[in-house]
4 protein chains.
Amino acid sequence: MARLTEDAKGVYVIAVTPFTDDGALDLASIDSMVDFYEGAGVTGLTVLGQLGEAPKLTAEESRTVVERVLKRLDGRLPVVVGVSAPGLAPMSELAEAVMDQGAAGVMVAPPWTVKTDDQAFAFYQSVGEALGNTPFVLQDYPLTTNVTIAPKVIERIVNEVPNCVMLKHEDWPGLSKISALRAASDKGTMRRISILCGNGGLFLPEEMGRGADGAMTGFCYPEMMVGVVDAYAAGNPDRAHAIFDAYLPLARYEQQQGIGLASRKYVLAKRGVIKSATLRKPGAKLSALDIADVERLLARQTIRLKEIGA
Amino acid sequence: MARLTEDAKGVYVIAVTPFTDDGALDLASIDSMVDFYEGAGVTGLTVLGQLGEAPKLTAEESRTVVERVLKRLDGRLPVVVGVSAPGLAPMSELAEAVMDQGAAGVMVAPPWTVKTDDQAFAFYQSVGEALGNTPFVLQDYPLTTNVTIAPKVIERIVNEVPNCVMLKHEDWPGLSKISALRAASDKGTMRRISILCGNGGLFLPEEMGRGADGAMTGFCYPEMMVGVVDAYAAGNPDRAHAIFDAYLPLARYEQQQGIGLASRKYVLAKRGVIKSATLRKPGAKLSALDIADVERLLARQTIRLKEIGA
Amino acid sequence: MARLTEDAKGVYVIAVTPFTDDGALDLASIDSMVDFYEGAGVTGLTVLGQLGEAPKLTAEESRTVVERVLKRLDGRLPVVVGVSAPGLAPMSELAEAVMDQGAAGVMVAPPWTVKTDDQAFAFYQSVGEALGNTPFVLQDYPLTTNVTIAPKVIERIVNEVPNCVMLKHEDWPGLSKISALRAASDKGTMRRISILCGNGGLFLPEEMGRGADGAMTGFCYPEMMVGVVDAYAAGNPDRAHAIFDAYLPLARYEQQQGIGLASRKYVLAKRGVIKSATLRKPGAKLSALDIADVERLLARQTIRLKEIGA
Amino acid sequence: MARLTEDAKGVYVIAVTPFTDDGALDLASIDSMVDFYEGAGVTGLTVLGQLGEAPKLTAEESRTVVERVLKRLDGRLPVVVGVSAPGLAPMSELAEAVMDQGAAGVMVAPPWTVKTDDQAFAFYQSVGEALGNTPFVLQDYPLTTNVTIAPKVIERIVNEVPNCVMLKHEDWPGLSKISALRAASDKGTMRRISILCGNGGLFLPEEMGRGADGAMTGFCYPEMMVGVVDAYAAGNPDRAHAIFDAYLPLARYEQQQGIGLASRKYVLAKRGVIKSATLRKPGAKLSALDIADVERLLARQTIRLKEIGA
């Protein structure tokens, strides 16, 4: 399988993990989900992320998920696997296993113990060493990790840690961070890496305008991310905004903590992508009122998409 | 001046604090801003909030702001004043001062030391006692205060602390909280209080659908909040959503930390509401790229509003 | 192997994990360490705790550690295993595995997502269900977990979750919590469970005075915990304080984050309990000045222990 | 009054704020407290700190406290005043007021919004500018502020902000930080400033060994801090440790959050330093069991002090 490189672009969708109604892994739905994402035009998949309910899986289930996704894709699209762990040893253990299985790269977020610039750098330096020649994604997600990494620290990491090939950009607010990193590459002080954006795609058109290469995030309509990224790539920011605006009311709803993932799975199940909308315990459940909210948003979205011919 | 009661509804706009380019209080702009808000159809004003840059004011400046706002309004609209403080004594001191000046009520957020249900209740019980007969708003904003207050704790506070007349609802996600509190009032186990919603209005139509009485938040187009609340009150949720959707792309941009307030003031200055977009130090400043983002959003918003006849 | 019950008392020492100088598991040192703890008079061992560097172990290494400890003890002392995990499935998986190996019980801390009283209760209720008939220890450690559990919530958990048999008491400050829980048991409103105290033993004599059953914590001289607990059990609090005071300067030094564990392992290596003082990366290392501090404290401690005949 | 300089050394005791039994300011007790501290041999006083219950005072009460302390001292000892505030304007306002009253300098902690090295530097740079020629103390207290400032950032602040003359060292653990800062001064890369240590004095002998100039902290027996600092200054670290060890059991007890300050005031009242042990609401109250703990510690301390001839 091709390895992840600095040239990656497009949409790496954060895959959900499908469960049956009683909380068991639903392997058949993994297959249909992979097919759906591929059909929607994504460039790659990211599995075992936070919103893939990875922490709720047993070690064996995690391996099963990765294996099933890779087998279904059969090398047609690259797969990134989240391997964040509290220590270097368990992180390396998982990374080695999934790379052997055929993953294209891994993703690592910093532990909450990182406080200063030098600590952030030292952490990713030791990650780079521990991973050997496995390419990795620096996951920069302060809202969850509670670790803020300044642009100049990312610059230092990128320059001194050669297997850091991508930034999953999820600082918030973060538009100026993309601008600063791209300016550093333009000046020649920083190797140009791939920047894919998260945060549910809520700032995707503006992020593309700042020089991002695409998105790495969820949302029940990957068509939104694909549409925005493609329109930008085609030099048509107005089209990108039009597509974005049509999906924004639902995307916003899906960004709520807990209930948001339940909403995402509800829509995916309704679309026939997965069989059951169930979240594994502990997990949120939509109330009748929540479902009414989502249905109204879906109905309005359908009309709006028709209006703009998307 | 009439005091704040459980019957309050509509839009209490969180006022910005206008400064001159060099960071001094701009009293003339306070007048024009008050006129603008009144003209936009808001029901009340909230001053000295976090997004009013209250913590950056000296004690004397705070008094000046409240005085100027009250004088300009001359009793036509009620004013709520944020009085959160680390101790009961400074909180009461400020509350007494502003009520004497003519405020309608005060707003109090919990300190981060509150951890358990009983501690949250005890805090608001002592606030209620310390404030005497001054009506107050319980500000429930976990994202900033780091204090989560369960619906049943709010129920207990409302039932045992008679001068708690309003909830500034800003839990996130929080739709189910509104539903739970309204259900409690419907069942008769909780006094019905006013619920006005925050979070920049990003969930306002859904919040109205759950039984909220309106909004207490900022956003450079208070017309959005007024339009959504009025359409809901008129039994027209579809119209509410249409208005909301038109403003959502900009409202979302304005919800970014730091840069969001700079964006709000930029638009207010552009609209002639205040003279300068300056934030007092320490405060964010828009870059040329940020301004280009905002201008694009404004242009698209204008077109969309025309399309829906708003 | 006998299972952990509400009657547990004495000292369950939190075992370190011995590594060789280059960071590999040192199995021979596990044996010598187990012998040392047993010889020091502890009642039980707790492994795979935070201060056992558990998060730095691979899944296979974790199993190896538990297996080796259990084999060496050969049933002479009970072993508690930390199994906290972000989801119920991986927690149950590990718990089942170690109980099959012969552990006496498991220990579970709450995730940081727990905010309200009801959420804390619901979490431990689902833990109790997921663990079936495996007895478990409720680890109450707000400083690290950021979750505060009020005494009345613990009371509710104990009453409704039968396999919760022990509290690892590590709230801070927490003396009044022990008093409240013992008062509840005395009144008959709460099943009496075992309370073993943590926090490096820094409040152990006072905790025993409030009704604790012993200690579950580290410290390079388990003789301190054993001595204090035994003296209290023998009705001699003054003796308990004398022993405690003699060890306190070093115990205090060992409570520093990061450097404290390095200090603990330094002394254990110096005492011949383990072969190398190495912490696995990422981990602190003592400087020459740190070592001078520890050596001075050891020298003073030796003199003081002689003075009090301990 | 002489201004605070880099040469400050000795013990700046964090003063409590005495209240009457019903929570009013007790001005007579301020006088007796000031006399007591002076008689105990402290070098200076620090008022309006967190543990002086400053946040619970009204603005007018704060001014009254500072005025009373300064008047009683009549210039015999320097006074440092805590002026941390969420904005530069209210901070400068308070600093100017107390310097006019005769304070020797002010103390400033960083706001929680500071995350990166550059942000920490920028904050103190703007503090330095806003304070003009008023000397200030950098309060480095991550446990409360949640802001970690690396030694090299302190070095940069000290070098570029001339009115930063002292570090209130309260990082935890922090011994290596003192060593790093002193090494920088020895190498000539950093102006040598005063370093006074906090954390209730729990690491004072070791901190003096690393090159600290003294202590800035509370504890109901300032004799401990004075004794340790003097013994170290006289080249007698063993004596310093002997004094420290005698007070450590009580000092440790006093470091508990909430209950610790109640314990400090209990002992000060018992010693006749202040009239009432009352904490202003919201504040902890000692239970009968807490008081028994403290009394036992006091009794043991008296014996031990006699043994070592202190």
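Residues numbered from 1 in each chain as written. Chains lettered and ligands numbered in written order. Predicted model: local features only at pLDDT ≥ 70, side-chain atom pairs only at ≥ 80, totals over all residues. Heavy atoms only, no water.

- An unreviewed UniProt entry lists chain A under the name Similar to dihydrodipicolinate synthase, from Rhizobium johnstonii.
- Reading the Sequence similarities (unreviewed entry) entry of the UniProt record for chain A gives the comment "Belongs to the DapA family." (UniProt positions renumbered as here; feature names shortened; annotations may be inferred.)

### Concerning the packing of helix 6 (residues 151-160) of chain D against helix 7 (residues 175-187) of chain D
Residue and element names in this part refer to chain D.
- For the pair helix 6 and helix 7, interaxial distance at closest approach is 9 Å and the crossing angle is 45 degrees. Comparing the axis directions of helix 6 and helix 7 gives the class oblique. Pair helix 6 / helix 7 crosses with right-handed handedness. Within the contact between the two elements, helix 6 uses Pro-151, Ile-154 and Glu-155 and helix 7 uses Lys-177, Ala-180, Leu-181 and Ala-184.
- Residue classes in the contact of helix 6 with helix 7 are distributed as five nonpolar, no polar and two charged. (Axes fitted to C-alpha atoms, helices over the stretch in contact; angles between N-to-C directions. Helix = DSSP H or I, 4+ residues; strand = E, 2+ residues; numbered from the N terminus. Parallel < 35°, antiparallel > 145°, perpendicular 65-115°, else oblique. Left-handed = near helix turned anticlockwise from the far one by under 90°. Contact = heavy atoms within 4.5 Å. Nonpolar A, V, L, I, M, F, W, Y, C, P; charged D, E, K, R; others polar.)

### Describing the relation of the copies chain B and chain A
- With an axial shift of 0.0 Å and an RMSD of 0.0 Å, the rotation relating chain B to chain A amounts to 180 degrees. A rotation of that kind, with that shift, is consistent with a two-fold axis.
- The residues that chain B uses at the interface reappear at the interface of chain A in 100% of cases, marking a shared surface. (Least-squares fit on C-alpha atoms with pLDDT ≥ 70 in both.)

### Regarding the pairing of strand 3 (residues 79-82) of chain D
Residues and elements named next belong to chain D.
- Burial of strand 3 is two-sided: the residues Val-79 and Val-81 facing one way and the residues Val-80 and Gly-82 facing the other way are all buried.
- Judged from the three bridges that link them, strand 2 (residues 44-47) and strand 3 form a sheet pairing that is parallel. Residue pairing across strands places Leu-45 opposite Val-79, the latter belonging to strand 3.
- Pairing geometry for strand 3 and strand 4 (residues 105-108), over three bridges, is parallel. Its bridge partner lying in strand 4, Val-81 is registered against Val-106. (Buried < 20%, exposed > 50% of the residue type's maximum accessible area, 1.4 Å probe, protein only. Pairing = 2+ DSSP bridges.)

### Observations concerning the interface of chain B and chain A
- Listed as interface residues are 31 residues of chain B and, on the opposing side, 31 residues of chain A.
- Both sides of the chain B and chain A interface together cover about 2,800 Å² of buried area, and 54% of this is carbon and sulfur.
- Where chain B meets chain A, there are eleven salt bridges.
- Between A:Arg300 and B:Asp245 there is a salt bridge whose closest N-O contact spans 3.1 Å.
- For the interface between chain B and chain A, the tally reads twelve residue pairs in polar contact (both at pLDDT 80 or more).
- Elements that contribute at least two residues to the side of chain B that touches chain A include exactly helix 7 (175-187), helix 10 (237-254) and helix 12 (288-307) of chain B.
- Per-element accounting of the side of chain B that touches chain A gives the leading share, ten residues, to helix 10 of chain B. (Buried area = accessible area lost by both parts, 1.4 Å probe. Salt bridge = Lys/Arg side-chain N within 4 Å of Asp/Glu carboxyl O. Polar contact = N/O pair within 3.5 Å; in protein donor to acceptor, adjacent residues only side chain to side chain.)

### Observations regarding the relation of the copies chain D and chain B
- Mapping chain D onto chain B is achieved by rotating through 180 degrees and translating by 0.0 Å along the same axis, at an RMSD of 0.0 Å.
- Both copies contact each other with a shared surface, as 100% of the interface residues of chain D are interface residues in chain B too.

### Comments concerning the UniProt feature "binding site: pyruvate" (unreviewed entry) in chain A
Residues and elements named next belong to chain A.
- When the UniProt feature table is mapped onto this chain, "binding site: pyruvate" (unreviewed entry) is found at Met-216.
- Structurally, the position occupied by Met-216 is in strand 8 (residues 214-217).
- Residue class for Met-216 comes out buried when judged on its relative accessible area of 0%.
- Aside from chain neighbours lying at most four places away, what touches Met-216 is Tyr-12, Ile-14, Thr-46, Val-80, Met-107, Met-166, Lys-168, Leu-196, Cys-197 and Gly-198.

### A look at the interface of chain D and chain B
- The interface is formed by 16 residues belonging to chain D together with 16 residues belonging to chain B.
- When the two sides are added together, the surface that chain D and chain B hide from each other amounts to roughly 1,200 Å², 66% of it contributed by carbon and sulfur.
- Its largest share of buried area at the contact with chain B, chain D owes to D:Pro55, D:Thr58 and D:Glu93, together 30% of the area lost on that side.
- Summed over the shared surface of chain D and chain B, the result is zero salt bridges.
- At the boundary of chain D with chain B, the tally comes to four residue pairs in polar contact (both at pLDDT 80 or more).
- Elements with a minimum of two residues in the side of chain D that touches chain B: helix 2 (59-73) and helix 3 (88-101) of chain D.
- When residues in the side of chain D that touches chain B are grouped by element, the largest group, four residues, is from helix 3 of chain D.
- Split into classes, the residues belonging to the side of chain D that touches chain B amount to eight nonpolar, two polar and six charged.

### Considerations on the side chain of D:Glu206
- By the secondary structure assignment, D:Glu206 is in helix 8 (residues 204-209).
- Looking at D:Glu206, the relative accessible area reads 3%, which means it is buried.
- In contact with D:Glu206, other than residues within four places in its own chain, are C:Arg252, C:Tyr253, C:Asp293, C:Leu297, D:Leu175 and D:His241.

### Describing the sheet that holds strand 4 (residues 105-108) of chain A
Residue and element names in this part refer to chain A.
- Taking strand neighbours around the barrel as the criterion, the eight strands line up as 1-2-3-4-5-6-7-8 in a closed arrangement whose pairing is parallel. Neighbouring strand axes in the sheet, compared pairwise and without regard to direction, differ in orientation by 25 degrees on average.
- Against the sheet, helix 4 (residues 117-131) engages strand 4 and strand 5 (136-140), with an angle of about 155 degrees to strand 5.
- Of the strands in this sheet, strand 5, strand 6 (164-169) and strand 7 (194-197) are in contact with helix 7 (residues 175-187), which crosses strand 7 at around 170 degrees.

### Describing the confidence of the model for chain A
- Here chain A averages 96 in pLDDT, and 100% of its residues register 70 or above.
- Reported confidence for the predicted complex is 0.96 by ipTM and 0.95 by pTM. (pLDDT = per-residue confidence, 0-100.)

### Topic: the sheet that holds strand 7 (residues 194-197) of chain C
Residue and element names in this part refer to chain C.
- Taken together, eight strands build a closed barrel; the order of strands is 1-2-3-4-5-6-7-8 and the barrel is parallel. When strand polarity is set aside, the average angle formed by the axes of neighbouring strands in this sheet is 25 degrees.
- By the bridge criterion, three bridges tie strand 1 (residues 10-14) to strand 2 (residues 44-47) in an arrangement that is parallel. Bridge pairing in strand 2 places Ile-14 opposite Thr-46.
- The strands touched by helix 7 (residues 175-187) within the sheet are strand 5 (136-140), strand 6 (164-169) and strand 7, with strand 7 carrying the most contacts at an inclination of about 170 degrees.

### So, the pattern of salt bridges
Residue and element names in this part refer to chain A.
- The final tally for this structure, using the stated rule, is 103 salt bridges over all chains.
- As a salt-bridge pair, Glu-223 and Arg-271 come within 2.4 Å of each other at their nearest N and O atoms. Here Arg-271 lies in the loop between helix 11 (259-270) and helix 12 (288-307) and Glu-223 lies in helix 9 (residues 222-233), a separation of 48 residues in the sequence.
- Residue classification places Arg-271 among the partly exposed positions, given a relative accessible area of 30%.

### Observations regarding the side chain of C:Asp293
- Along the chain, the position of C:Asp293 falls in helix 12 (residues 288-307).
- Only 2.8 Å separates the side chain of C:Asp293 from the side chain of C:Tyr253, close enough to count as a polar contact.
- Of note is the side chain of C:Asp293, whose polar atom sits 2.7 Å from the side chain of D:Arg210.
- Excluding residues within four positions of it along the chain, C:Asp293 makes contact with C:Tyr253, D:Leu175, D:Glu206 and D:Arg210.

### Considerations on helix 4 (residues 117-131) of chain C
- With 15 residues, helix 4 of chain C should cover 21 Å at 1.5 Å per step; its first-to-last C-alpha distance of 21 Å lies within 8% of that length.
- Turning to helix 4 of chain C, its buried residues are C:Asp117, C:Ala120, C:Phe121, C:Phe123, C:Tyr124, C:Val127, C:Gly128 and C:Leu131. Projection of helix 4 of chain C onto a plane perpendicular to its axis shows the buried side chains occupying an angular sector of 160 degrees, all on one side.
- Buried residues along helix 4 of chain C sit in contact with helix 4 (117-130) of chain B together with helix 3 (88-101), strand 4 (105-108), strand 5 and helix 6 (151-160) of chain C.
- Where helix 4 of chain C terminates, the next one or two residues include C:Gly132, which has phi positive at roughly 65 degrees. (Expected span 1.5 Å × (residues − 1). Arc of directions from axis to C-beta.)

### Re the environment of D:Arg304
- Within the fold, D:Arg304 resides in helix 12 (residues 288-307).
- Overall, the relative accessible area of 21% leaves D:Arg304 in the partly exposed class.
- Between the C-alpha atom of D:Arg304 and that of D:Ala288, which follows or precedes it by 16 residues, the distance is 24 Å.
- Residue contacts for D:Arg304: discarding those within four places in its chain leaves C:Arg304, C:Glu307 and D:Ala246.
- Within polar-contact distance, the side chain of D:Arg304 engages the side chain of D:Glu307 at 2.3 Å.

### Observations concerning the environment of D:Tyr141
Residues and elements named next belong to chain D.
- Mapped onto the secondary structure, Tyr-141 falls in the loop between strand 5 (136-140) and helix 5 (142-145).
- With a relative accessible area of 21%, Tyr-141 lands in the partly exposed category.
- Residues within four places of Tyr-141 in sequence aside, it is in contact with Asn-146, Glu-170 and Asn-199.

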